[in-house]
Amino acid sequence: MRTITLSNGKTVEVECLSCALTSGLIEPDGGIIIESEHFHAHQDVAYPIEGLVILASKRHIKCLDELTEEERNDYINLMTIIRKAQRKVLGIDYVYYFYNEDTTHHFHTWMVPRYEWMKEFGRSVESVRPVLLHARNNRNTVENNQKVMKAIDDLKNALK
């Protein structure tokens, strides 16, 4: 079991956070943004940034090459419609996409939006970790969390 701190300060103990989220054992703040037979999209539970979406496989796998053809098609289609909604309803011009195979969670992709306030951390892959930590440590306010929840609702409505 691992102890994970959520953006709201609560901690949870799970074997795999992605399994706990995609199975409904843990409800992400704002609920599910969109889901398909193979994937589950939700606001990142650790970092309060509007539109930071996690697209997680429902099947417990680690690597992209383990996806079936049907899962790959579903994955790219969902990522595309989520990205279009991020641009249309949240005004997000740029997104960094991350997925890594040495994680303790199973296969998931982070869709990390770039906002003006993030420029002070740079414009490269190296800037992302400091941005995430800054959000967790400095943007976990009632006002910002309301913006995050509104962004979740806006995305859900756009993706219906």
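Before any of the text, the structure's been laid out above.
Every value quoted in this text rests on a predicted model; they were computed, and no experiment measured them. (Residues numbered from 1 in each chain as written. Predicted model: local features only at pLDDT ≥ 70, side-chain atom pairs only at ≥ 80, totals over all residues. Heavy atoms only, no water.)

## Regarding the overall build of the protein chain
Thinking step 1. A count of helical and extended segments in the protein chain gives four helices and seven strands.
Thinking step 2. Secondary structure elements of the protein chain occur, N-terminal to C-terminal, as β-β-α-β-β-β-α-β-β-α-α.
Thinking step 3. Its C-alpha atoms give the protein chain a radius of gyration of 15 Å, near enough to 15 Å, the size a compact globule of 160 residues would have.
Thinking step 4. On the principal axes, the C-alpha backbone points of the protein chain span a range of 40 × 35 × 30 Å.
Thinking step 5. For the protein chain, with 160 residues in total, the buried portion stands at 49%. (Helix = DSSP H or I, 4+ residues; strand = E, 2+ residues; numbered from the N terminus. Rg over C-alpha atoms; globule rule 2.2 N^0.38 Å. Buried < 20%, exposed > 50% of the residue type's maximum accessible area, 1.4 Å probe, protein only.)

## Quick look at the sheet that holds strand 4 (residues 39–43)
Backbone-to-backbone hydrogen bonds join strands into a sheet, with any given pair of strands oriented parallel or antiparallel.
Thinking step 1. Taken in spatial order, the five strands make up an open sheet running 3-4-5-7-6, and their pairing is antiparallel. Of all the strands in the sheet, just strand 3 (32–35) and strand 6 (95–98) have a single pairing partner and so form its edges. Averaged over all neighbouring strand pairs, the angle between strand axes comes to 20 degrees, with direction disregarded.
Thinking step 2. Inspection of the sheet shows strand 5 (residues 53–57) paired to strand 7 (residues 108–113) by four bridges, in the antiparallel sense. What sits directly across from Ile54, in strand 7, is Trp110.
Thinking step 3. Helix 4 (residues 142–158) contacts strand 3, strand 4 and strand 5 of the sheet and is inclined by roughly 25 degrees relative to strand 3. (Pairing = 2+ DSSP bridges. Axes fitted to C-alpha atoms, helices over the stretch in contact; angles between N-to-C directions. Contact = heavy atoms within 4.5 Å.)

## Comments concerning the packing of aromatic side chains
Thinking step 1. In the structure shown here, the tally under the stated rule is six aromatic pairs.
Thinking step 2. Ring geometry for Tyr47 versus Trp110: centroids 6.0 Å apart, planes at 45 degrees, classification tilted. Linking Tyr47 in the loop between strand 4 and strand 5 with Trp110 in strand 7, this pair joins segments that are 63 residues apart in sequence.
Thinking step 3. Plain terms: the ring middles of Tyr96 and Phe98 are 6.2 Å apart, the flat faces sit at 75 degrees to each other, and that makes the pair edge-to-face.
Thinking step 4. By way of ring pairs, the aromatic residues Phe39, Tyr75, Tyr99 and Phe107 are connected into one cluster.
Thinking step 5. Here the basic side chain of Arg139 rests over the ring of Trp117, its NZ or CZ set 4.1 Å away from the ring centre. (Phe/Tyr/Trp six-rings, centres within 6.5 Å; stacked < 30°, edge-to-face > 60°. Lys NZ or Arg CZ within 6 Å of the ring centre and 35° of its normal.)

## Details of helix 4
Thinking step 1. An ideal rise of 1.5 Å per residue puts 24 Å on 17 residues; helix 4 measures up with 24 Å between its terminal C-alpha atoms.
Thinking step 2. Buried within helix 4 we find Asn144, Val148, Ala151, Ile152 and Leu155. Along the axis of helix 4, the buried residues cluster in a sector spanning 100 degrees; they form a single face. For helix 4, exposure combined with an orientation more than 90 degrees from the buried face picks out Val142, Glu143 and Gln146. (Expected span 1.5 Å × (residues − 1). Arc of directions from axis to C-beta.)

## A short note on the nonpolar core
Thinking step 1. Grouped together as the largest cluster of nonpolar side chains are 37 residues, with contacts concentrated most on Ile49, Leu55 and Ile82.
Thinking step 2. For this core, the secondary structure elements donating two or more residues are strand 3, strand 4, strand 5, helix 2 (69–90), strand 6, strand 7, helix 3 (125–138) and helix 4.
Thinking step 3. The biggest single contributor to this core is helix 2, with five residues. (Core = buried A, V, L, I, M, F, W, Y, C linked by side-chain atoms within 4.5 Å.)

## Quick notes on the environment of Ile54
Thinking step 1. Position of Ile54 among the secondary structure elements: in strand 5.
Thinking step 2. On the basis of relative accessibility, which here comes to 5%, the residue Ile54 falls in the buried class.
Thinking step 3. The residues touching Ile54, leaving out its near neighbours within four places in the chain, are His40, Ala41, His42, Asp44, His108, Thr109 and Trp110.

## A word on helix 3
Thinking step 1. Under the 1.5 Å per step criterion, the end-to-end length of helix 3 is 20 Å for 14 residues, consistent within 8% with the ideal 20 Å.
Thinking step 2. Taken together, the buried positions of helix 3 are occupied by Ser127, Val128, Val131, Leu132 and Ala135. Along helix 3, the residues classed as buried sweep out an arc of 135 degrees about the axis, all on the same side. The exposed residues of helix 3 that point more than 90 degrees off its buried face are Glu126 and Asn137.
Thinking step 3. Looking at the buried positions of helix 3, the neighbouring elements they touch are strand 6 and strand 7.

It is worth stressing that arrangement in space is one thing and function is another; only the former is reported here.
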